[in-house]
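Listed below are the residues making up each chain.
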Amino acid sequence: ASLAFARALAPHPHRRLAVRPTALREHLTRGRAVLPGGFSGEAPEERWVTQPLDHFDPSDVVAADAWKSVREAFDSSDETTRHLRFDGSFSSPRAGRTWRQRWFANDAFFDRARFHGTGTNTETLPDPVVFLCVGGEGPGFDPDVVVTGGAHCALAARLAQTLFEKKKGGALLVALEHRFYGASQPTGDLTTESLRYLTSDQALADAARFVLEVTEVFGLAKSEASSGDETGGDASFFPSSPEKSPPTFPPTKKALVSRASHQRASFPRVVAFGGSYPGMLAGWLRLKYPHLIVAAVASSAPVRASLDMPGYDAVVGEALAETDIGGSETCLWVVALAFGEVSSLMRSYDGRRTLEEMFHVCGRSVPERTNDDSQSRGSRMDKQSSEYSYPLELPENRAEFFAALTEVFPAQSNDPACDRSANAACDIGGACAIMTNFSSEFLLQDRSPSGRARAKDQSLLNLAATARAAFGDDRCVDCDHSKNVRFLNVTALPNDTRRDYDGDRAWFWQTCVEFGFYQTCSDARCPFYSVEVPMNGSRLFVHTTNDDATPLSLAFFTKPCASVFGLDLESVVFPAANRSNFKTGGITPGGSRIMYPSGSVDPWRSNSFTPELAGSVPHRTERAVKKTLPALMVSGASHHAWTHPPLETDQESVVKARAAIASQVEKWLEETDVTSEEGRVVEA
């Protein structure tokens, strides 16, 4: 069986999915995976929760019409159909202020009888456990996300089953789709006016409000007050009529504790799970809503936003040299040598023609010769059209070409068990095998000028061979920048957003207004675009400051933010990452009970909270941080590989990581169980 991936953060976010190398394209698209033993029941039903369009505009949240709509959504005696009673969708932000968000639930491994507040008044039972799978960018959820867990939450699904089998009550598994992705479309379009409601803050508020929805639908919150007390009975989070005041959380002390009995109230213990951007959200949920979320597992979560992200390609360079996954110092050196040759050829007209032919660039066609030689090189170079016979004459296309070649090396999607017979460059080991395939080992050691020249020539040929393997013999290298931008300009949604929408425009919007994450090569460890490559064994490379030779610049990445969305670069795009870090803490987050696992060959770890940063968190000792915000580095692992459904071919480090994460979550559940001995002595 092959590993099925779901959407993950994509490098070079403006590039459309169709132009990616095969391994990365598979990594970025949704796949199905089934737990060992499968699932014999029917697929979980599609559920809907009504959400405010804007959680932070009080005139919308508390408006009478909005609360009337909410009441209609939940005013039903039939719990199983409450979520289907109201269709709050609308075609524009002005046509209504609520919308419907899709979610799924699975209680197959949830023993209600073992928990306080689920049909029992026994004070000695613990509060219910809910595992929340946080949705993110990319394709929508499949219903089996709460069965197998998919590529982001398989760990949560397995742990729920394990806790159930251990007679610990298991967990209710729920998954919430992210606004503006999949079927969860608040406005019915992707216009810039609509996308202003697409932010991580709004998504976090969606998730927080969703916790109350799950609590209500499954009856997970109870107070132990007597029925005669006005504060007793079931905890109600929605008013019984629109005239009543809106619900508040946390409930007041009067509402939670009976004046007669002073017995405690029950509220579910929710643990958030996610990988990549959903991992960021999972951690921030615990940070921002600690009264609702008791713990979080933020896998491969680049919590530090950064306008430019030089660390990404630097980690790719380190991965090329990691022997545990088939890399080597020689591979890293040859890659740098090859890209040095690409940079050199890109500077001349004839060199660009060589690159177009050698790498099978899409759109290249040689015009017929005529007696009239008026079509000079200069006039050909000046023609600004991506359909031109020579694609690399456009500077933007040169940048796309470099981006395509860097994606050939699959550090982010590295799977050592991939099928090299189908794609010889499907992992770092395969790509390095092609790159270091020299006719003579002597070429790698010869330091003479002639030997160096032959090594450069061979490295370039090997890079072309690696690219052919990565893209497939039947595909050309598409470096048409204008097509990528035109694709981002599409504001209409497809008829079936569950299957036919990948979320590219929505995610590019988020990079422009919140995160950046634009992969530049300004770090000396980056092996791409070098103008001077030291001898084999060095991991530091000399880069040029010439924009023509270093096309993947911030200007290249951020210009579409202005042309596609009309955003002002100086006031909106450039400060966006700093604004985000100010709200969340960035690379040194606060909070507690948040676990941050990262893979050592995952390029996104450069912006993640990793073990060596434990001493950098303000106001805490390193020892305290390691206890409350444990970080784990998974050796040889790629982007949240441990969150995928398990396979027999999984790396040993990934198997151990799953066990370590499960153990930590179980420990936190013990700490938050006030009926247990440990829960009585541990502070919340």
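The coordinates are above.
Residues numbered from 1 in each chain as written. Predicted model: local features only at pLDDT ≥ 70, side-chain atom pairs only at ≥ 80, totals over all residues. Heavy atoms only, no water.

Chemist: Mind showing me how you'd approach the overall build of the protein here?
Modeler: Scanning the protein from terminus to terminus reveals 24 helices and twelve strands. Taken across its 684 residues, the protein has 59% of its residues classed as buried. Here the analysis covers contacts within the protein between residues at least 6 apart in sequence; of these, 75% occur between residues at least 24 apart. Of the roughly 27,200 Å² that the protein leaves accessible, carbon and sulfur atoms contribute 50%. (Helix = DSSP H or I, 4+ residues; strand = E, 2+ residues; numbered from the N terminus. Buried < 20%, exposed > 50% of the residue type's maximum accessible area, 1.4 Å probe, protein only. Contact = heavy atoms within 4.5 Å. Areas by Shrake-Rupley, 256 points an atom, 1.4 Å probe, with all protein chains shown as cover.)

Chemist: It is not clear to me how the packing of aromatic side chains should be interpreted in this structure. Could you clarify?
Modeler: In total, this model carries 23 aromatic pairs according to the counting rule given. Joined through ring pairs, the aromatic side chains of Tyr-277, Trp-284, Tyr-312, Trp-507, Phe-515, Phe-517 and Trp-604 make up one cluster. In this structure, Arg-353 packs its charged tip against the face of Tyr-349, placed 4.5 Å from the ring centre. (Phe/Tyr/Trp six-rings, centres within 6.5 Å; stacked < 30°, edge-to-face > 60°. Lys NZ or Arg CZ within 6 Å of the ring centre and 35° of its normal.)

Chemist: What's the story with the pattern of salt bridges in this structure? I'm lost.
Modeler: Close approach of charged atoms allows side chains of opposite charge to pair. Tallied over the entire structure, the rule returns 26 salt bridges. The residue Glu-177 makes a salt bridge to Arg-102 at a minimum N-O spacing of 2.6 Å. Linking Glu-177 in the loop between strand S4 (172-176) and helix H5 (192-195) with Arg-102 in strand S2 (residues 98-106), this pair joins segments that are 75 residues apart in sequence. A single burial state applies to Glu-177 and to Arg-102, both of which are buried. (Salt bridge = Lys/Arg side-chain N within 4 Å of Asp/Glu carboxyl O.)

Chemist: Help me out: how do you make sense of unusual backbone geometry in this one?
Modeler: The phi torsion of most residues other than glycine is negative, and most of the peptide bonds are trans. Phi at His-360 takes a positive value of approximately 55°, unusual for a residue other than glycine. Assignment of secondary structure puts His-360 in the loop between helix H11 (349-358) and helix H12 (377-382). A relative accessible area of 45% means that His-360 is categorised as partly exposed. Located in the positive-phi region is Phe-517, a residue other than glycine, with phi close to 65°. Structurally, Phe-517 is set in strand S8 (residues 516-518).

Chemist: Looking at this structure, I do not really get the pairing of strand S6 (residues 293-299). What am I missing?
Modeler: For a regular strand, the rule is simple: side chains alternate between the two faces of the sheet. Taken across its seven residues, S6 has seven buried, putting it largely inside the fold. With six bridges connecting them, strand S5 (residues 269-275) and S6 associate as parallel partners. What sits directly across from Gly-274, in S6, is Ala-298. Running through helix H8 (residues 277-288), the crossover from S5 to the neighbouring parallel element S6 is right-handed. Here two bridges tie S6 to strand S11 (residues 594-599), and the two strands are oriented parallel to one another. Paired with Ala-296 across the two strands is Ile-594, which belongs to S11. (Pairing = 2+ DSSP bridges. Right-handed = clockwise from strand over helix to strand, strands pointing away.)

Chemist: What am I meant to see in the state of the cysteines here?
Modeler: A covalent bond between the sulfur atoms of two cysteines is referred to as a disulfide. In the structure shown here, the tally under the stated rule is six disulfides. Shown here is the disulfide that connects Cys-331 with Cys-432, its sulfur atoms set 2.1 Å apart. A torsion of -80° about the S-S bond marks the disulfide between Cys-331 and Cys-432 as left-handed. In this pair, Cys-331 sits in helix H10 (residues 329-346) while Cys-432 sits in helix H14 (residues 428-435), placing the two residues 101 residues apart along the sequence. Pair check on accessibility: Cys-331 and Cys-432 agree, each one buried. One disulfide bridge connects Cys-362 with Cys-476, the sulfur atoms lying 1.8 Å from each other. The sign of the S-S torsion, about 100°, decides the handedness of the disulfide formed by Cys-362 and Cys-476: right-handed. Of this pair, Cys-362 sits in the loop between H11 and H12 while Cys-476 sits in the loop between helix H16 (449-471) and helix H17 (481-488), and the two are 114 residues apart along the sequence. (Disulfide = S-S within 2.5 Å.)

Chemist: Sorry if this is basic, but what is going on with the environment of Ala-469 here?
Modeler: By the secondary structure assignment, Ala-469 is in helix H16. In the structure, Ala-469 is positioned 448 residues away from Pro-21 in sequence and 9.0 Å away in space, judged by C-alpha atoms. Excluding anything up to four places from it in sequence, Ala-469 contacts Asn-423, Ala-424, Ala-425 and Ile-434.

Chemist: Explain the packing of helix H18 (residues 504-515) against helix H21 (residues 576-584) here, please?
Modeler: Closest axis-to-axis distance for the H18/H21 pair is 6 Å, and the angle between their directions is 70°. Comparing the axis directions of H18 and H21 gives the class roughly perpendicular. Across the interface between the two elements, Cys-512, Val-513, Glu-514 and Phe-515 of H18 pack against Ala-576, Ala-577, Arg-579 and Ser-580 of H21. (Axes fitted to C-alpha atoms, helices over the stretch in contact; angles between N-to-C directions. Parallel < 35°, antiparallel > 145°, perpendicular 65-115°, else oblique.)

Chemist: Mind showing me how you'd approach the sheet that holds S4 here?
Modeler: Backbone hydrogen bonds are what pair the strands of a sheet, in a parallel or an antiparallel way. If you walk across this open sheet you meet the eight strands as S1-S2-S4-S3-S5-S6-S11-S12, and the pairing is mixed. Only two strands of the sheet have a single neighbouring strand rather than two, namely strand S1 (47-52) and strand S12 (631-634). Strand-to-strand twist in this sheet, taken as the mean axis angle between neighbours without regard to direction, amounts to 25°. The sheet strands contacting helix H6 (residues 200-217) are S1, S2, strand S3 (129-134), S4, S5 and S6, and the helix crosses S1 at an angle near 130°.

Chemist: Help me understand H8 in this model?
Modeler: An α-helical turn contains 3.6 residues, so a residue and the one three or four places further along point in the same direction. Taking 1.5 Å of rise per residue, the twelve residues of H8 would be expected to cover 16 Å, and the 16 Å separating its terminal C-alpha atoms lies within 8% of that figure. Across the twelve residues of H8, ten count as buried, placing the element largely inside the fold. Those residues of H8 not exposed but buried are Tyr-277, Pro-278, Gly-279, Met-280, Leu-281, Ala-282, Gly-283, Trp-284, Leu-285 and Arg-286. (Expected span 1.5 Å × (residues − 1).)

Chemist: Looking at this structure, I do not really get the nonpolar core. What am I missing?
Modeler: A general feature of soluble globular proteins is that nonpolar side chains tend to end up buried together. Grouped together as the largest cluster of nonpolar side chains are 167 residues, with contacts concentrated most on Trp-103, Phe-131, Phe-359, Phe-401 and Phe-409. Considering each element in turn, this core owes the most residues, ten residues, to H10. Excluding its chain neighbours within four sequence positions, the residues that come into contact with Phe-131 are Ala-156, Leu-159, Ala-160, Leu-163, Ala-171, Leu-172, Leu-173, Val-174, Val-271, Phe-273, Val-665 and Leu-669. (Core = buried A, V, L, I, M, F, W, Y, C linked by side-chain atoms within 4.5 Å.)

Chemist: I would appreciate a short explanation of empty space enclosed by the protein in the present structure.
Modeler: Counted according to the given criterion, the structure contains five cavities of 30 Å³ or more. As a volume, the second largest cavity reaches approximately 110 Å³. Considering the residues around the second largest cavity, the lining is formed by 15 residues, among which Pro-11, Tyr-312, Thr-406, Glu-407 and Phe-409 are closest to the centre. Among the elements that take part in the lining of the second largest cavity, helix H9 (residues 311-320) stands out by supplying three residues, more than any other. (1 Å grid on protein atoms, 1.4 Å probe; cavity = no way out; pocket = protein on both sides within 12 Å on 5 of 7 lines; lining within 4 Å. Points joined across faces, edges and corners; volume = space filled by probe spheres on them.)

Chemist: In this structure, what is going on with the packing of H10 against helix H13 (residues 395-406)? I would like to understand it.
Modeler: Axis angle and axis distance: for two packed helices, these are the angle between their axes and the distance between the axes, and together they describe the pair. H13 packs onto H10 with a crossing angle of 170° between their chain directions and a minimal axis gap of 12 Å. With respect to their mutual orientation, H10 and H13 come out roughly antiparallel. Of the residues in H13, those in contact with Phe-339, Val-342, Ser-343 and Met-346 of H10 are Arg-398, Phe-401, Phe-402, Leu-405 and Thr-406. Its residues assigned to classes, the contact of H10 with H13 comprises six nonpolar, two polar and one charged. (Nonpolar A, V, L, I, M, F, W, Y, C, P; charged D, E, K, R; others polar.)

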